[in-house]
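# A structural walkthrough
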Amino acid sequence: MTAPVAPPAPDGTALPSPVFTVSSDRLDLWLIRSPAGGDVSALDLSGLDDTERSKAEAFLRPADGLLYASAHIALRRLLGRYTGRRPEQVRFGREPCPGCGEPHGRPVLADPPYPLHFSLSHSSGVALVGVAAVPLGVDVEKLPGQERVEVCAQALHPGERAELAAARTADRPGRFGRLWTRKEAYLKGLGTGLSRSLAADYLGLRAELHPAGWTVLDLPCFPTHAAAAAVHSTAPAEARVRRVPERWLDASDAWLTQDAPPAVRVDLGTAAPATSAAALPARLTSDGEDAL
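This one's a predicted model, so the numbers in the text were calculated from it and none came from an experiment. For every chain, the first residue of the written sequence is number 1, and numbering continues from 1 along that sequence. Thresholds applied to this predicted model are a pLDDT of at least 70 for local features of residues and 80 or more for the giving and counting of side-chain atom pairs; totals over whole chains, interfaces and linings are not thresholded and use all residues. Values reported for side chains reflect all heavy atoms of the structure, with hydrogen atoms and water molecules removed beforehand.

Take the confidence of the model for the protein chain next. Summary statistics for the protein chain give a mean pLDDT of 88 and a share of 88% for residues scoring 70 or more. Here pLDDT means the predictor's own confidence in every residue, given as a number from 0 to 100. Contacts are residue-level and defined by heavy atoms, with any inter-residue pair within 4.5 Å sufficient. The low-confidence segment residues 270–291, where pLDDT is below 50, has 46 contacts with residues more than four positions distant or belonging to other chains.

It is worth spelling out the sheet that holds strand β8 (residues 225–231) at this point. A pair of strands is treated as paired once DSSP finds two or more bridges between them. Strands here mean DSSP runs of E at least two residues long; helices mean DSSP runs of H or I at least four residues long; both are numbered from the N terminus. Taken together, the three strands give an open sheet; going across it, the order is β6-β8-β7, and neighbouring strands pair in antiparallel fashion. Pairing within the sheet leaves two strands with one partner each, and these edge strands are β6 (136–142) and β7 (215–218). Taken pair by pair, the neighbouring strands of this sheet meet at an average axis angle of 15 degrees, ignoring direction. Axis definition: a line fitted to C-alpha atoms, limited for helices to the stretch in contact. Angles are taken between N-to-C directions and run from 0 to 180 degrees.

Attention now goes to the packing of aromatic side chains. Planes of paired rings set the category: under 30 degrees apart is stacked, over 60 is edge-to-face and the rest tilted, where pairs are Phe, Tyr or Trp rings (Trp by its six-membered ring) whose centres lie within 6.5 Å. Going through the model one piece at a time under the given rule, you end up with eight aromatic pairs. Here the aromatic rings of Phe 20 and Trp 248 are separated by 6.3 Å at their centres, their planes lie at 40 degrees, and the arrangement is tilted. One end of the pair, Phe 20, is in the segment before β1 (26–33); the other, Trp 248, is in the loop between β9 (238–243) and α6 (254–257), with 228 residues separating them in the sequence. The two residues Phe 20 and Trp 248 agree in class, both being buried. Between Phe 59 and Tyr 68, the ring centres sit 5.6 Å apart and the planes meet at 45 degrees, which makes this aromatic pair tilted. Among the aromatic side chains, those forming a connected cluster through ring pairs are Phe 20, Trp 30, Tyr 82 and Trp 248. Any Lys NZ or Arg CZ that is within 6 Å of a ring centre and within 35 degrees of that ring's normal is treated as a charge sitting over the ring. When the ring centre of Phe 222 is taken as reference, the NZ or CZ atom of Arg 33 above it lies at 3.8 Å. A cation sits over an aromatic face here: Arg 148 above Trp 180, 5.9 Å from the ring centre. Only protein chains enter the accessibility calculation, which uses a 1.4 Å probe; a residue is then buried when its area is under 20% of its type maximum, exposed when over 50%, and partly exposed in between.

Burial of strand β4 (residues 117–123) is extensive: six of the seven residues sit out of reach of the surface. Sheet topology places β4 next to strand β5 (residues 126–132); seven bridges connect them, and they run antiparallel. If you follow His 122 over to β5, its bridge partner there is Ala 127.

A separate point is the nonpolar core. As used in this record, nonpolar core signifies buried Ala, Val, Leu, Ile, Met, Phe, Trp, Tyr and Cys residues forming a set joined through side-chain atoms within 4.5 Å. If you look at the biggest cluster of nonpolar residues, it comprises 34 residues, and the most contacted ones within it are Trp 30, Leu 79, Tyr 82, Leu 116, Val 129 and Trp 248. Counting residues per element, the ones that place at least two in this core are β1, α2 (62–83), β4, β5 and α6. If you tally residues by element for this core, the top one is α2, at eleven residues. Setting aside residues no more than four positions away along its own chain, Val 129 makes contact with Asp 28, Leu 29, Trp 30, Ile 32, Leu 75, Leu 78, Ser 119 and Leu 120. Listed in part, the 21 residues of the second largest apolar core include Leu 27, Val 126, Leu 128 and Cys 221.

Have a look at this one:
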């Protein structure tokens, strides 16, 4: 275990906060929802770079562009708090791909002031950012319908297909959603993404059969979505899940001056390796939803 590392305050007025530190025994997770009413004018796009702004404008469905912009504003502002930088000063790079060695692997900070890793995912109105002291991947997905489960399940590992087939029909969308997010989180953490065969690795219910050197966790999320994280190490002692306030995405300085919202805290220290995939509740309790 290492002591938490605190960043310097970014330019402007930032409240000192232990929330925005990085520790080897803690996993930080931030859920983001698109602004209510679907109005892009509620967002402050000034911290995005030209590529991000162009991508946000290029989506055919306005809701998709709104979510992309919301996710990237949140990512830059959160990393700004962790690193003591303004959002526009946050620079990104890519690690080499584990498969071919080309620079299109896992996204990383170009010049982190201390060991800090992140991952971003977004799907159907919800985004998720993970921050840790070690490499990680996160994924969030809207729960699928039965037809998608039947089609996509054919590409999975044989053991995963068998578990889905054994589940009750009504339970399969939720089971598939949790399985799929575990798999994508792991592949994103690995740095290959979906270029690696979905059948190559088992991420089903038996955590002792998961890829060596990785801890895979189901995360609390909204009832319409499933979420997971994969951490390149043993399980951290604690995971903290928070919802990014909508005001942290607008043109105010709320992201700098406002206290972080309460977290749903889950103690992972008592979870045995064989049960780590289920260490976090798959759905938020009513209290948890209030907190997020």
